[in-house]
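Observations on chain architecture
Each chain, letter by letter, is given below.
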Amino acid sequence: HFLEVQRGFEEAGLPSGMLDVLPGITPEADPEVLHAALKSVDRLQFTGSSPMFKSLVAKAYELGNLRLEFAGEVSGLNKVRLDGVSASHPAAAAGAAWAAMANNGELCTSASLIEFDPATGDTAASVKAALEAHQFILGNDPTDAGLDILLKKGKTKNLEVKTEIPADGFREWWEKQVLAVPHGSAPNLRTNQSLGHCIYAPSIRRALAAGVKEDASCIYCVGVSEDTSAPSARAGTAGCKLPESVFGGMKTHTFAVAGDHDGVGSVQTLLSTLRRRGPNWRDQEEAYAEYELTETAEDLLGFLPPREQADFKKTINSVLEVFRAFEPEVSSPYSGQSLVGAEGRSQLLTLAALRPARKNLLIPRGVGLPDDIIRVALLAEMSPLKELPVHLHLLSAGQAGKLRVADPLKSFLRVVEHRLGWKVCWHDDYDKLAAAVRESEYPPYFFCTKDKHVLPLNLLTAVAENCGYVYEGLPTDALSLFRWLTATQAWTVACTEGHVHEAQAELQKLWKEAGLRAESHEAPEVVKPVGRPDVGGGFGASPFGDAMGGDDKDWGELSDDDGGSSDDEPEVKKAGEDKPKATGDKAAAAKVA
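Residues numbered from 1 in each chain as written. Predicted model: local features only at pLDDT ≥ 70, side-chain atom pairs only at ≥ 80, totals over all residues. Heavy atoms only, no water.

**A look at the sheet that holds strand β14 (residues 345-356)**
Our working definition: Here, strands pair whenever DSSP counts at least two bridges between them. Secondary structure elements are defined from DSSP: runs of H or I of at least 4 residues count as helices, runs of E of at least 2 residues count as strands, and each element is numbered from the N terminus. Note on geometry: axes are C-alpha line fits, over the in-contact stretch for helices, and angles between N-to-C directions span 0 to 180 degrees. Here, two residues are considered to be in contact whenever any of their heavy atoms come within 4.5 Å of each other.
In spatial order, the strands read β7-β8-β4-β3-β9-β10-β22-β14-β13; together these nine strands make up an open sheet with mixed pairing. Only two strands of the sheet have a single neighbouring strand rather than two, namely β7 (160-162) and β13 (334-338). Pairs of neighbouring strands in the sheet enclose a mean axial angle of 25 degrees, with direction left out of account. Across four bridges, strand β4 (residues 111-116) lies against strand β8 (residues 177-182) in parallel orientation. Counterpart to glutamate 115 in the pairing with β8 is valine 181. Docked against the sheet, helix α14 (residues 478-485) engages β14 and β22 (486-495), running at close to 60 degrees with respect to β22.

**Describing the nonpolar core**
Condition: Here the nonpolar core consists of buried residues drawn from Ala, Val, Leu, Ile, Met, Phe, Trp, Tyr and Cys, with membership extended through side-chain atoms lying within 4.5 Å. Each residue gets one of three labels from its accessible area relative to the maximum for its type: buried under 20%, exposed over 50%, partly exposed in between, using a 1.4 Å probe on protein chains only.
In terms of nonpolar packing, the biggest core is built from 102 residues, with Phe70, Leu361, Leu378, Phe412, Trp422 and Trp491 touching the most fellow members. Here this core takes seven residues from helix α10 (residues 371-382), the largest share from any one element. Look past the residues within four positions of tryptophan 491 in its chain and what remains in contact with it is Val212, Ile219, Leu349, Thr350, Leu351, Ala353, Arg355, Leu507, Leu510, Trp511 and Ala514. Judged by nonpolar contacts, the second largest core, of 42 residues, contains Val80, Phe116, Cys218 and Phe247.

**A closer look at the packing of aromatic side chains**
What counts, and what does not: Aromatic rings from Phe, Tyr and Trp, with only the six-membered ring used for Trp, were paired whenever their centres fell within 6.5 Å, and each pair was classed as stacked if the ring planes differed by under 30 degrees, edge-to-face if by over 60, and tilted otherwise.
Within the structure shown, the criterion is met by 14 aromatic pairs. Ring geometry for phenylalanine 53 against phenylalanine 70: centres 5.9 Å apart, planes inclined by 65 degrees, an arrangement best described as edge-to-face. You can see phenylalanine 53 sitting in helix α3 (residues 50-62) and its partner phenylalanine 70 sitting in strand β2 (residues 69-74), a full 17 residues away along the chain. Overall, the relative accessible area of 2% leaves phenylalanine 70 in the buried class. Taking the centre distance of 6.5 Å and the plane angle of 35 degrees together, the rings of tyrosine 445 and tyrosine 471 count as tilted. With tyrosine 445 in strand β20 (residues 445-449) and tyrosine 471 in strand β21 (residues 469-472), this pair connects stretches of sequence that are 26 residues apart. In this pair, the class of tyrosine 445 matches that of tyrosine 471, namely buried. Grouped by ring-pair contacts, the aromatic residues Phe46, Phe53, Phe70, Tyr445, Phe447, Tyr469, Tyr471 and Trp484 constitute a single cluster.

**Remarks on empty space enclosed by the protein**
Heads up, the rule is: The way it works is a 1 Å grid over only the protein atoms, where trapped points that fit a 1.4 Å probe form a cavity and open points with protein on both sides within 12 Å along at least five of seven lines form a pocket, and then any residue with an atom within 4 Å of a point lines it. Grid points are joined across faces, edges and corners, and a volume is the space filled by probe spheres set on the points. Each residue is assigned to one class: nonpolar for Ala, Val, Leu, Ile, Met, Phe, Trp, Tyr, Cys and Pro, charged for Asp, Glu, Lys and Arg, and polar for all the others, Gly among them.
For the coordinates displayed, the defined rule picks out three cavities of 30 Å³ or more. Reported here for the largest cavity is a volume of approximately 110 Å³. Within the residue set of the lining of the largest cavity, elements represented by two or more residues are α9 (306-325), α10 and α14. Here the lining of the largest cavity is composed, by residue class, of 12 nonpolar, two polar and two charged.

Here you go:
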């Protein structure tokens, strides 16, 4: 089937040989061919299991391909959380069961765990009974739109809810299986392992408040009524198909995406192929927004060389304008799963929230203070988002119990530690840094790295093993800076038509409270450059304007009796012949010239 994929691209117009599709885990796969590709390929784009993805990157490094770019969506451990809602509630039972059953349980967003609330009286046994009793319409006909689950050959028909951790441990199950555990107990599945996370609560506000604290790329929130007979919306750990559904990609927050991957349809992905044009003469004529720097930003700007301060201040202005252009808004309602207790569909509303990337920076021994790291500090300080602390790693040896740090690095560290809350981490050598990376709570994404192919293999492998990435340098254009420094987390509310306005208001309110910085920036001043005088260059143009006698538009004033010579008989001036004196406007023009 992989050859069919390749032929399909060629039939669509892609030149033959530009794209090769290689099987990696099929019986017909040739390891030598795969290894040859990994040794020379520029970029690896992958969708599949986390272990396979990591092994491919590690193999490429082992083969010497240290410049490899890689990106992919890998499997997630996804959870449905019941917060103040019993699993016996019809909406919760339907949504949780669907989260584990959809697409035969083989979605990358399929639920692996149901976290129930013991305060409602639920037990693992009662959750098992409620979910396994839910009835689905199953079948094998792909044209039947009335099916809940399209069964594949050899797949089971029933949902299995586990109440104890199996002998082989908790993991993602790829066929209609889910583990039920009480809130706060083991296994404590954090959503930095998740692509999708769903919360049921007694109100939309409560579900959203809990959801935005999580790390999953896609958050689905459902507020259900205490009256179990009332019509209710439902959701699972996945939305609808694109383009109706909105997805996020929290690459620096979750282990469910890896490398330079920003999520399906996110603004970062859409901008990945775009760059703003470079500086040119038009910049002198375009109006631009100028934001007032904070006091801390002014201090940080002083660490840059004087010749670069004005230019990077303009870059900050441009980045803030990109933020303003892509400020998230609540989507229009779109259809989700069937309502529970009534005819019709659940209404989904999504806000694609911009979230700050978790950033790691590295200063090798003897390097000093790189300008790019100063620029990251400035961008973090001026960001309109509620920023996260940056982890700044320094390689340095101790001497007499003290670390040798000289200005300007010493003063810079004082500013970013005390004012920005950065975490400064000291490491004796690269092996100690690699060990810390392997123990990282979140995927380690390094920015502003110079020549990553000269970094030790042990460090590069540690980053890849923990689903991180190493970016070289720092972009200079505003669009790329915005893409690198942000992620998208999709906040989706499932509700009935009668609660659409409430869902819109709650999403907007929470975006301001949880997404934006406490003190917003003042509105920028729009600077309009003063136009330059016309210096000619077109037909009829005069360098002096009309006031200097430059008006030559009246062709009627021209005469054949001017005494001008013909083209065939050019005028030859005799030596010593006096030139006619200029008078009036012509004399003034000559003097200016």
